[in-house]
Amino acid sequence: TSNLAYAYALIKHSPALEDGSNLFDLLARRSMELLGEFKPQGFSNLVWAFTTVKEYNPELFAKVADAVVAQDLKLFKPQEVTNIVWAYATAEAGRPDLFHKVADDVVARDLNSFKPQDLSMIVWAYATAKVTRLDLFDKVADDAVARDLKVFNPQNLANIVWAFATAEVGRPDLFRKVADDVVARDLKSFNAQPQGLANIVWAYATAQVKHHDLFRKVADDVVARELKTFNAQDFANIVWAYATAEVKHPGLFHKISGEVVARDLKSFKPQNLANIVWAFATAEICHPRLFDKVSGASIELQKKFNPQETANLLWAYASVGQIPLPLFKSFSTTAAALIERCNSQDLANIAWAFAVANVDAPTLLSERFVDALIQKSDTFGVEDLRQLHQWKLWRVEMNARVRLPPSIQDRCCEAFTSSSIHVSGFQKKVVCELSAMGLQPKDEVLLPSGYSLDALVQVDGQSVGIEVDGPYHFIDGKPTGKTLLKHRQIVSIDRIRILSVPFWEWDRFGDDQVAKRRYLRSKLGI
């Protein structure tokens, strides 16, 4: 029965029978009757076949696991134990006892008899099944580090580093060796598949292993390719990895954004959509057409978004200062339905995003939302508290009656006002010119709202705030969400007019002080 199942699995076919069942139903029943006669290859072929054709039979898998656990695994060949754990991991069949039995056996063996594919699939299976065996992972890592990796194909290497990153097993020596090997290869000649490339950079970003040459090599390869064979998950994993690892490669983001914009996004899941715009926002790259297209696709799928996906999506749009009203209005309902399931970071990101968007969202200004914040108050990080301070200011802007308890408000305000202040050379030059004009500017002025102004001057008896906006205040020449929010809230809450001095306007005057002062006078209206 195992050979017959294996043969049909090779052609990925599960023929229907006259009684309405299919061949694999019949093979499952017959196999369970004959398990006592099975040899190692039979067990391996059987579960591999059922998994390959996606005909998972819980009763069969339970009985096979019981039988294998009772066996002496020294009689099993490397490929046979590999196929067994691969099948149970892929079918999500559980059975930690089986995984531990196999791990004990593999750790006791000389791994020279294991092929590269065997090693990569074994650790992949344990990471996928979430079975922790550090001794097994260390044994495989030691073996891989000692080997010539030329015998590993790119998919093998991708599976290994993906598994170690997913299982959170730190082996910097393994990651360095794999990265050096990939960098030395011609990825096209080794037929590196999109998923393999995506998983490699995802693994290094997740494991927080820096290797700039690896990221550049993969990015250059992707940019040079036709991207038609890449799927939504590949795109999302790649841009997420580069954003997380803080590796700049504008060409990669431009190429992927162009391909995503050209596609029908029906195959994209909420996680794909959220991760893509999150990555672009984190990398400080705004592609308006991409964001517009993802916005439309997200609205269609809004009921399928989970809390983290919702928070990441809204945060991304707010962060780049691109505020599609239909998206925020639609997702105000989605966010409201998810409040109780959100963790502290989700709540802070959603609150901040709506503060930037300034879109009417009654639920996010309600007692229910405040109750959720109170319940999570002990888990908020410093950045969460800073975001919630700006949400609190938005509450004032919206004349909302609901309030956070004073203790939480104080924590938010303290976090917001305690951030370190960096006075740039650009800022010093602007303040110097304002002083030379006789305006007696005060620099780094802390306002009642908690914001700090770069400079404050008096013009005709009125206070004017000067914001010296360097490159980090903009993405592609447009103000970031942080910049927009700060300017708006100072005007609405502190009642101070804001004058922005963008770096590119200032730079065009070079060393011409007369032109700079003329520019400032024109801006100030004096």
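Report follows, based on the coordinates.

**Quick look at the layout of surface pockets**
So, point 1. In this structure, the largest pocket occupies an estimated 1500 Å³ of space.
So, point 2. Every residue lining the largest pocket is counted, 47 residues in all, and those nearest its centre are E383, R386, S419, Y472 and K482.
So, point 3. Looking at the lining of the largest pocket, the element that brings in the most residues is helix 21 (residues 382-397), giving five residues.
So, point 4. Of the residues belonging to the lining of the largest pocket, the class tally is 14 nonpolar, 23 polar and ten charged.
So, point 5. Empty space within the second largest pocket amounts to approximately 1300 Å³.
So, point 6. Where the lining of the second largest pocket is concerned, the elements lending two or more residues are helix 3 (40-52), helix 5 (78-90), helix 7 (116-129), helix 9 (154-166), helix 11 (194-206), helix 13 (232-244), helix 15 (270-282) and helix 17 (307-320).
So, point 7. If one sorts the elements of the lining of the second largest pocket by residue count, helix 5 sits on top with seven residues.

**Concerning a nonpolar patch on the surface**
So, point 1. The grouping of Y6, L10 and I11 at the surface amounts to a nonpolar patch, some 300 Å² of accessible area in total.
So, point 2. Relative to the helices and strands, L10 resides in helix 1 (residues 2-10).

**Re the pattern of salt bridges**
So, point 1. All chains considered together, the criterion is met by 21 salt bridges.
So, point 2. Of the charged contacts in the structure, one is a salt bridge between D138 and R171, with a shortest N-O distance of 3.2 Å. Here the residue D138 occupies a position in helix 8 (residues 134-146), and R171 occupies one in the loop between helix 9 and helix 10 (172-183), the gap between them amounting to 33 residues.
So, point 3. Residue class for D138 comes out partly exposed when judged on its relative accessible area of 30%.
So, point 4. A relative accessible area of 13% means that R171 is categorised as buried.

What counts as what
- Note that residues are indexed from 1 along each chain, following the sequence as it is written.
- The predicted nature of this model means local features are confined to residues of pLDDT at least 70 and side-chain atom pairs, given and counted, to a pLDDT of 80 or more, with totals for whole chains, interfaces and linings taken over all residues.
- To obtain the side-chain values, all non-hydrogen atoms of the structure were included, while hydrogens and water were left out.
- For cavity detection a 1 Å grid was placed over the protein atoms alone, and a set of points counts as a cavity when a 1.4 Å probe fits there but cannot get out; an open set counts as a pocket when protein lies on both sides within 12 Å along at least five of seven lines, with lining residues being those that have an atom within 4 Å of a point.
- Grid points are joined across faces, edges and corners, and a volume is the space filled by probe spheres set on the points.
- Put simply, DSSP marks the helices as runs of H or I at least four residues long and the strands as runs of E at least two long, and each gets a number from the N terminus on.
- Gly counts as polar in this scheme, as do all residues outside two lists: the nonpolar Ala, Val, Leu, Ile, Met, Phe, Trp, Tyr, Cys and Pro, and the charged Asp, Glu, Lys and Arg.
- Like charges are joined within 9 Å and nonpolar side chains (Val, Leu, Ile, Met, Phe, Trp, Tyr) within 5 Å, but only among residues with over 30% relative accessible area and no salt bridge; these make up the patches.
- Note on areas: Shrake-Rupley with a 1.4 Å probe; residue coverage comes only from the protein chains shown.
- Counted as salt bridges are all cases of a side-chain nitrogen of Lys or Arg within 4 Å of a carboxyl oxygen of Asp or Glu.
- A simple rule labels every residue: compare its accessible area, found with a 1.4 Å probe on the protein chains alone, to the largest value its type can have, and call it buried under 20%, exposed over 50%, or partly exposed in between.

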